[in-house]
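A structural walkthrough
Now for the letters of each chain:
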Amino acid sequence: MRFFSQAASLLLLSAAARAASDVIDLTKDSFASEVNGENLALVEFFAPWCGHCKSLAPHYEEAATELKDKHGIKLMKVDCTEQQDLCQEQGIRGYPTLKIFREGAASDYTGPRKADGIISYMLKQSLPAMSEVTVDNHDEFKSKDKVVVIAYAKSENDVAKAYKKVADQLRDNFLFGYATDPSLAPSEAGFPSIVMYKQFDEGMVVVPEKPSSVSEDSLKSWIKEQSTPLMDQVSPENFASYAEQGLPLAYLFIKPDDSRLNGLIQAIKPIAKSAKGKINFVWIDGVAFVEHGKSLSVDPDNYPAVVIQDMSPAGKGKKYVYPVAGDNFKAEDIASWVEDFENGKLEPTLKSAPVPASQEEPVHILVGEEFDKVVFDDDKDVLVEFYAPWCGHCQRLAPIWDSLGEHFEDFKNTLTIAKMDATENDIPPSAPFEVAGFPTIKFKRAGTRDFIDYTGDRSLETLISFVTENSNNPIDFEEELNQTETTVGGEVELEAESEEDAGHHDEL
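Residues numbered from 1 in each chain as written. Predicted model: local features only at pLDDT ≥ 70, side-chain atom pairs only at ≥ 80, totals over all residues. Heavy atoms only, no water.

Moving on to the overall build of the chain. A tally of regular secondary structure across the chain gives 15 helices and 22 strands. For the chain, the proportion of contacts with a sequence separation of at least 24, taken over those separated by at least 6, is 72%. Put simply, the chain shows about 26300 Å² of open surface, and 47% of that area lies on carbon and sulfur atoms. (Helix = DSSP H or I, 4+ residues; strand = E, 2+ residues; numbered from the N terminus. Contact = heavy atoms within 4.5 Å. Areas by Shrake-Rupley, 256 points an atom, 1.4 Å probe, with all protein chains shown as cover.)

What follows is the structure, given as C-alpha cells:
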C-alpha cells in the first residue's frame, strides 16, 4: 500500500506542477482561439522525447511566468506527438521549433533559448522598432535591457534616417528609443546625439559622429562593436554574434571553477579595450568545450591557455596559440603578443601529429609539420589524400590507396603517394587551398606550386592513369596498364563526406 500511496503523491505533485504552469497547452481545436486573438504570442512545438526540448522546458516556464505577469505576453506549446495534424499544418520539421504569432500571423523565432534571453527577445518584439522616451520613463527605459540605444533629437521627424533604418533592422537584438527633451541627453553627449547604454564595461558610450551625418553602415557597425563586452563568456548562445563580426577571436580556455578566473578576466580587460574593434576577447569553459580547444591546438591538460582564431575573411580561421600556459601563464604578459598579432608578426600555430620515426610503407604518412618539405619538393610529383578516420568513403578508399602506393613503389625517388589525417593535422598557409570534405585528393606536379584536383572515380585503374598522365617525371612500366590488377575495392562513390554529414563537427 505504501508504494501506491507514494505513486499517488507523485501524481498529485505532477498535476499540481502542470496546473501551476504559465505555459498554455494548445490543441488543434484550441489553437486558433488562443493564438489568433493575441497581439503577440510565442508558441513552442515540441516532442516529449526530445532532449533539446527537455533542456528548454525550465527556461520556457520561467520566461512564461515573467512575461505573463509583468508584460501580458503569453507563451504556449504544442505536443506534436499528440497534435500531429496541427504540427504538419504549421510546417514543423524538427523539435523544438518556436514561432512568434502576431494576431495569427507566424514568423520564426530566432532568439536565445535561455529564460533571460527569451524574455529580452519577446520584449523587443512587443515594442515598436523605436520607442518614445520621456522624462517619466527615461531612467527605466535606458536600463530595460543589457544594451539600449537612444537618439536625442528635436522631434521624431528629426531623428536621423540612418538611425530609424538601423533600429528596424536590429530590433530583435537591441532596444531603440528616441527622446525630444534636451534635458534628458547626457552632458557628455550633448544634444542632438546618439547614445548607447549598456549593463557592462563602461556603462555608456556616445556615437562619435553627428546624428545628421552618421551613415547606416557605420552606425550598424558601431552598435555591434560597442555592444560586445570586453571579456564575455562565449557559448552556443552568443558565438554567432562574434562570428558575424568577422574579427579575430581571442579565447581564454579555463576551467569554470578555477579560482584564477575572475582575476584573469580583469587583467585581460585593459588589453581587450586597447584592441577593441580589431580583436574580440572571450573566455570559454575548457571542460565543456574541450574538443573545440583541441581543434584550436590548445592542450586540455594545461589550462589556462590563450589562443587567437583569426575569423576575419583574410585570416581563414588560422590559429595562434600563446606559448605559455598552465601555472606559468600571466594574463598581463599577453599584451605584447597581441600587439605582434595585430602587426602581422606572428606565425600561425599548426596542429601536427608527430613525425613518423620512419616511412617504410609505400604510402607516405604526411603530417602538418612536414607538409612544405614533402609536398613542395621540386624533384617529385606528389599525390595526397586528405582524409578523416570516421569518413566512410575514406575507409573504403584505404585499401585502394595502399595498392596505389605499392604500384608506384619503384618510383619513390620521383613520386610520392601520401595521405594526411586532416583531423589531426592542419594544412599550412603555404597551401593555396582548404579542405572542406573527405576524402579530398590533390596532385602537385614536380617543379610547380600548382595543385590539380582529382575528380575521377576512385578505382585503382583510374588513379594509376591519372598519376601517369599528369606526372612531370617519367613513369615507364614494362607491363601494360591493362594487365594491372584493378579489383581491389572496386569503384567507390565520388561524393566527398563533410564533417557535418558524418555528425563529427565541433561547434559552439
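On we go from here.
All of the buried residues along helix 2 (residues 28-35) are Ser 30, Phe 31 and Val 35. Buried residues of helix 2, viewed axially, fall in a sector of 120 degrees; they line one side. Turned more than 90 degrees from where helix 2 packs its buried face, Asp 29 and Ser 33 sit exposed. Of the surrounding elements, those touching the buried residues of helix 2 are strand 1 (23-25), strand 2 (41-46), strand 3 (74-79), helix 4 (84-89) and strand 4 (97-102). (Buried < 20%, exposed > 50% of the residue type's maximum accessible area, 1.4 Å probe, protein only. Arc of directions from axis to C-beta.)

Looking now at the environment of Pro 354. Along the chain, Pro 354 falls in the loop between helix 12 (334-342) and strand 16 (364-365). For Pro 354, a relative accessible area of 69% corresponds to the exposed category. When the C-alpha positions of Pro 354 and Glu 370 are compared, they lie 9.8 Å apart, and in sequence the two are 16 residues distant.

Within this structure, the stated rule accounts for one disulfide. Sulfur-sulfur distance for the disulfide between Cys 80 and Cys 87 comes to 2.0 Å. Taking the sign of the S-S torsion, about -90 degrees here, the bridge from Cys 80 to Cys 87 comes out left-handed. For the pair Cys 80 and Cys 87, a shared accessibility class is recorded, and that class is buried. (Disulfide = S-S within 2.5 Å.)

Taken together, five strands build an open sheet; the order of strands is 16-18-17-20-21 and the sheet is mixed. Each end of this open sheet is capped by a strand with a single partner; those strands are strand 16 and strand 21 (451-453). Pairing of strand 17 (residues 381-387) with strand 20 (residues 440-444), which is carried by five bridges, proceeds in the antiparallel orientation. Note on strand 20: the bridge partner recorded for Val 384 is Lys 442. Sitting on the sheet, helix 15 (residues 460-470) is in contact with strand 17, strand 18 (415-421), strand 20 and strand 21, with an inclination near 25 degrees to strand 20. (Pairing = 2+ DSSP bridges. Axes fitted to C-alpha atoms, helices over the stretch in contact; angles between N-to-C directions.)

What helix 12 keeps buried is the set Ile 334, Trp 337, Val 338 and Phe 341. Projected onto a plane normal to the axis of helix 12, the buried residues spread over an arc of 100 degrees and lie on a single side. Summarising the contacts, the buried residues of helix 12 are in contact with helix 10 (261-274), strand 13 (280-285), strand 14 (305-309) and strand 15 (319-321). One or two positions beyond helix 12, positive phi appears at Gly 344, with a value near 70 degrees.

If you trace the five strands from one edge of the open sheet to the other, you get 6-8-7-9-10, paired in mixed fashion. Among the strands making up the open sheet, the edge pair consists of strand 6 (131-133) and strand 10 (204-206). Sheet twist, expressed as the average angle between the axes of neighbouring strands with direction ignored, equals 30 degrees. Where strand 9 (residues 193-198) and strand 10 come together, three bridges link them in antiparallel fashion. Among the inter-strand pairings, Tyr 197 is bridged to a residue of strand 10, identified as Met 204. Strands in contact with helix 7 (residues 161-169) are strand 7 (147-152), strand 8 (175-179) and strand 9; relative to strand 8, the strand with the most contacts, it is inclined by about 150 degrees.

The next subject is the packing of helix 3 (residues 51-71) against helix 5 (residues 115-126). Relative to each other, helix 3 and helix 5 sit at 40 degrees, their axes nearing to 8 Å. One way to sum up the angle between helix 3 and helix 5 is to call them oblique. Handedness of the crossing formed by helix 3 with helix 5: right-handed. Contacts from Leu 56, His 59, Tyr 60, Glu 62, Ala 63, Glu 66, Leu 67 and His 71 in helix 3 reach Ala 115, Ile 118, Ile 119, Met 122 and Leu 123 in helix 5. For the contact of helix 3 with helix 5, the residue count by class is nine nonpolar, two polar and two charged. (Parallel < 35°, antiparallel > 145°, perpendicular 65-115°, else oblique. Left-handed = near helix turned anticlockwise from the far one by under 90°. Nonpolar A, V, L, I, M, F, W, Y, C, P; charged D, E, K, R; others polar.)

On to the nonpolar core. Within the largest apolar cluster, 26 residues are counted, with the highest numbers of intra-cluster contacts made by Leu 252, Phe 281, Phe 329, Ile 334 and Trp 337. With six residues, the single largest contributor to this core is helix 10. The residues contacting Phe 281, other than those within four sequence positions of it, are Pro 229, Leu 230, Met 231, Asp 232, Tyr 242, Ala 250, Ile 268, Ile 271, Ala 272, Ala 275, Ile 334 and Val 338. Counting 24 residues, the second largest nonpolar core, distinct from the first, contains Ala 153, Ala 160, Phe 174 and Val 214. (Core = buried A, V, L, I, M, F, W, Y, C linked by side-chain atoms within 4.5 Å.)

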